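# Descriptive structure summary
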Amino acid sequence: MPSFNHDVIIVGAGAAGLFCAITAAKRGLSVVVLDHAEKVGKKILISGGGRCNFTNLHSGPHHFISNNPHFCKSALTQYPPSEFIALVKKHGIHYHEKKLGQLFCDEKSQAIVDLLLLECHRSGVSIMLNESVSKIRHAGRFELTTAKNMYLSQTMVIATGGLSIPKMGATDLGYRVAKQFGHTLIPPEPALVPLLWRPAEKSLFSEISGVSAEIEVSCLNVRFRENFLFTHKGLSGPAILQISSYWNTQEAITINLLPDKSIETEINKRKSDAVLLSAFFNNFFPKSLAQALAKKLEIQKTLPHLSKAEIQQISDSIHRWKLSPAGTEGFDKAEVTKGGVNTDELSSKTMESKKQKGLYFIGEVVDVTGHLGGHNFQWAWSSGFAAGNHL
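We now turn to the structure provided with this report. Since the model is a prediction, treat every value here as computed from it, not as a measurement.

The subject of this paragraph is the environment of Ser 164. With respect to the element layout, Ser 164 can be found in the loop between β12 (155-158) and α6 (173-180). Using a relative accessible area of 1% as the deciding quantity, one classes Ser 164 as buried. Along the chain, Ser 164 and Val 193 lie 29 residues apart, while their C-alpha atoms are 9.6 Å from each other. When residues no more than four places from it in sequence are discounted, the contact partners of Ser 164 are Lys 43, Ala 170, Phe 331, Ala 334, Glu 335, Val 336, Thr 337 and Glu 364.

Time to look at the packing of helix α4 (residues 81-90) against helix α5 (residues 110-123). Packing of α4 against α5 brings their axes to within 11 Å, and their N-to-C directions diverge by 90°. With respect to each other, α4 and α5 are oriented roughly perpendicular. Note on element contacts: α5 touches α4 through Ile 112, Leu 115 and Glu 119, opposite Phe 84, Leu 87, Val 88 and Lys 90.

Here we take up the sheet that holds strand β6 (residues 95-97). If you trace the 3 strands from one edge of the open sheet to the other, you get β4-β7-β6, paired in antiparallel fashion. Only two strands of the sheet have a single neighbouring strand rather than two, namely β4 (53-56) and β6. Averaged over all pairs of adjacent strands, the angle between their axes in this sheet comes to 25°, without regard to strand direction. Across 3 bridges, the pairing between β6 and strand β7 (residues 102-105) is antiparallel. Residue pairing in the sheet places Tyr 95 in a bridge with Cys 105 of β7.

The rules behind the values
Residues numbered from 1 in each chain as written. Predicted model: local features only at pLDDT ≥ 70, side-chain atom pairs only at ≥ 80, totals over all residues. Heavy atoms only, no water. Helix = DSSP H or I, 4+ residues; strand = E, 2+ residues; numbered from the N terminus. Buried < 20%, exposed > 50% of the residue type's maximum accessible area, 1.4 Å probe, protein only. Contact = heavy atoms within 4.5 Å. Axes fitted to C-alpha atoms, helices over the stretch in contact; angles between N-to-C directions. Parallel < 35°, antiparallel > 145°, perpendicular 65-115°, else oblique. Pairing = 2+ DSSP bridges.

Structure (structure tokens):
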């Protein structure tokens, strides 16, 4: 079997792996990137509705979830969003801010993949596709075996991502490698993922699939104000994806369906109007949602006949809707994976393992998970740079 020696072997040709390769190769190191897929950056291509939300102007430590909330600070400081934006501009890629600092390509996500491939080419990175790593051992150096070749190096970077979107090629290889070299894992879970109805809510709301509204949603003292979307299975949309990263099966989420108004005040303004609740709700919600909410409340009265207790019940249902989801749609629909390689066992400055010299973990495989809106890409660039600059 042919064997190849390199200064650095990177496993995973996604955002973090490619950016780490570019950074290391620009320092004069011989770098090879291995990936089992037939092309690079599959998740980049589908991200942001095909326009790649490649970073966020405001990306900072408070936009990330980890057992160690301080871990991400060093990498984000070493390579902040402004650095990647400068690279995007250098390549002549036109982009726009959608909202909340989210930056998207004007054209297609392929522009970001092309940027990475061109930088790899210019810096001499070798990219080997259709190379599934079957065995890794360390005997003075790392030896990676695939079906066709053996790759040898003193330094190995694991950039294999998490378990989200398996149809894009996600595997647990990175976690297996971590365990092999003595690392512990924060249990991987789906994050930025739609939530599922319990039967009672499904019977009321599954028929209004496609209806959306701007809400405020909270869980465990964390809150987001964004759009949400009713689906046949449950709830989705940016607000729900955001809160899903904090939700667990022991908790309820609280939804404020009307964050800018007081439904109690609005009722009292029109207390003399002889309209049923569903018709009154039409002033604030799409008709199908108004009908579903009225049905949920089971109050068949006109406004003048509502008691104080019933008005309070209506207010609680609209502004403090306690919802206990049945679960999530799982890794198939999750945008990212929460959990991963325990950050206590990595250097926050270099991403190097504290268990095995020369071994690095970057990107989604690490227990650092960003909010929706470009933060996970920023973690890929920042962690890839941190490792690539210190290999």
